[in-house]
Amino acid sequence: MPGDMGHACGAVLRKNGFRVVTALNGRTQRTKSLAIEAAIDDVGNLEEVVKQSNLILSILPPQHAYSLAKKVSTIMRDISHYPDFVDCNAISPATVNNIAQQFDGMPMGFIDGSIIGLNPIKEDEKTRLYVSGEKLDLVSQIDSRGLVVKAVGSEIGQASSLKMLYAGATKGAFSLFAAVGLMAELTGLKEELFSEFEFSKPDVLKTINHMIPRIPVDAARWIPEMEEISATYQQYGMTPKFHEGAKDLMEIALNTPLSEETRETLPNDFDINEALQMYKNALLNLKSK
């Protein structure tokens, strides 16, 4: 799906000599515009994507990862064409192993993947694609040709676990700082707290000011990601509650008017006070339901 990450991956791969295809039937106008901007070929439908590909990179919101893989595996069996499949989505090791089972018995490579970093246009082609699995030869060919490919092992689930750890730290921390900002608004101590942060913890204040207006833009995608992270922690006997709390904060963010913005339309200097008032109103509205 050529959203923010997908279209940028397609653009840098194309720049480095690969043909990149997608299927835009049923996609939003934003997605279609990003695909055109990246010069990705629209081949019409998913069957044509499978038929015309040697390597498929699944890059989409995590809640759709399983259903897409199931459709692709069905098409592979129907047309007897078996490109390698890399699940690049922010999902738990348990979820990616369930997805891998859809391809059991097929003469192709299933690769567990995780993308870390901003999109590769913004990262100047330094975005990392971590991969694990037994057949990594084909995906390794795109290393240093748009993405940095790093192998982390032969087991399905290793690359996804790394993504859960990384996103658990970054997005978990973003959510915590946003929750602190909202609490400052609710308690009427925002001015005092922000003044203290400016003096003693300027990096915390910078994160609060930067992320509070931006979390709503990605909240619809990050909420299921928090669910996957929580499931990963629970799988290893750790508490899932940190990221369940992060999910709760993101649900508040999703109910603000800022969630209607995109990364392209949100102003860089959006007023933090206005954003916090939106969060407060969203919280009160959710509690009244």
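Scroll up to find the structure.
Report follows, based on the coordinates. (Residues numbered from 1 in each chain as written. Predicted model: local features only at pLDDT ≥ 70, side-chain atom pairs only at ≥ 80, totals over all residues. Heavy atoms only, no water.)

## Details of the overall build of the protein
Applied cut-off: In this description a helix means any DSSP run of H or I spanning at least four residues, a strand means any run of E spanning at least two, and both kinds are numbered starting from the N terminus. For the exposure calls, accessible area comes from a 1.4 Å probe over protein chains only, and a residue counts as buried if that area is under 20% of its type's maximum, exposed if over 50%, partly exposed in between. Contacts: residue pairs with any heavy atoms within 4.5 Å of one another. Only the protein chains shown count as cover for residues, with accessible areas throughout obtained via the Shrake-Rupley method and a probe of 1.4 Å. For the purpose of charge, His is not counted, nor are the chain termini; Lys and Arg are scored as positive and Asp and Glu as negative. Lys charges are placed at NZ, Arg charges at CZ, Asp charges at CG and Glu charges at CD.
Secondary structure summary: the protein contains twelve helices and seven strands in total. With respect to the principal axes defined by its C-alpha atoms, the protein has extents near 65 × 45 × 40 Å. Counting only residues that meet the buried cut, the protein has 48% of its 289 residues in that class. The long-range share in the protein, meaning contacts at least 24 apart out of those at least 6 apart in sequence, stands at 67%. Of the accessible surface of the protein, which amounts to about 14300 Å², a share of 51% is contributed by carbon and sulfur atoms. For the protein, the centre of its 29 positive side-chain charges and the centre of its 37 negative side-chain charges are spaced 2 Å apart.

## Quick word on the side chain of Asn89
Checked against the element boundaries, Asn89 lands in the loop between strand E4 (84-87) and helix H5 (93-100). Residues in contact with Asn89, not counting those within four places in the same chain, are Ser58, Ile59, Leu60, Ala65 and Gly113.

## Some details on the sheet that holds strand E6 (residues 128-132)
Let me state the cut-off plainly: At least two bridges found by DSSP between two strands is the condition for calling them paired. As a rule, the C-alpha atoms of each element are fitted with a line to give its axis, helices using only the stretch in contact, and angles between N-to-C directions run from 0 to 180 degrees.
The sheet built from five strands is open, its strands ordered E3-E4-E5-E6-E7 with mixed pairing. Strand pairing shows two members of the sheet lacking a second neighbour, strand E3 (55-58) and strand E7 (148-153), which therefore form its edges. Direction aside, the axes of adjacent strands within the sheet are offset by 30 degrees on average. Two elements, E4 and strand E5 (residues 110-116), share three bridges in a ladder whose sense is parallel. Counterpart to Val86 in the pairing with E5 is Ile111.

## Observations concerning the packing of helix H7 (residues 158-187) against helix H9 (residues 202-211)
Stated formally: Orientation is classified from the angle alone, with under 35 degrees giving roughly parallel, over 145 giving roughly antiparallel, 65 to 115 giving roughly perpendicular, and any other angle giving oblique. Think of it as three bins: nonpolar holds Ala, Val, Leu, Ile, Met, Phe, Trp, Tyr, Cys and Pro, charged holds Asp, Glu, Lys and Arg, and polar takes everything else, Gly as well.
Where H7 meets H9, the closest approach of the two axes is 9 Å, and the angle between their N-to-C directions is 90 degrees. It follows from the interaxial angle that H7 and H9 lie roughly perpendicular. Side by side, H7 and H9 meet where Phe174, Phe177 and Gly181 of the first sit next to Val204, Thr207, Ile208 and Met211 of the second. Taken together, the residues that form the contact of H7 with H9 break down as five nonpolar, two polar and no charged.

## What about the pattern of salt bridges?
Under the convention used in this document: Salt bridges are identified by distance alone: a Lys or Arg side-chain nitrogen within 4 Å of an Asp or Glu carboxyl oxygen.
Across all of its chains, the model carries 13 salt bridges by this definition. A salt bridge links Lys51 to Glu47; its shortest N-O distance comes to 3.9 Å. Of this pair, Lys51 and Glu47 both sit in helix H3 (residues 46-51), four residues apart, which is roughly one turn of the helix. What makes Lys51 partly exposed here is its relative accessible area of 40%. One continuous salt-bridge network, built from bridges that share partners, spans Asp4, Lys122, Asp218, Arg221 and Arg263.

## What about unusual backbone geometry?
In this structure, Ala39 is a non-glycine residue whose phi angle is positive, near 60 degrees. Note that Ala39 resides in the loop between helix H2 (29-37) and strand E2 (41-42). Even without being a glycine, Asp124 presents a positive backbone phi close to 55 degrees.

## Focus: helix H1 (residues 4-15)
Going by this rule: The span expected for a helix works out to 1.5 Å for each residue beyond the first.
Relative to the 16 Å expected for twelve residues at 1.5 Å per residue, H1 spans 17 Å between its end C-alpha atoms, a close match to the ideal helical length. Counting buried residues along H1, ten of its twelve residues qualify, which places the element largely inside the surrounding structure. All of the buried residues in H1 are Asp4, Met5, Gly6, His7, Ala8, Cys9, Gly10, Ala11, Val12 and Leu13. Summarising the contacts, the buried residues of H1 are in contact with H2, E3 and E5. Two residues or fewer after H1 comes Gly17, characterised by a positive phi angle close to 100 degrees.

Geometry only, nothing functional implied.
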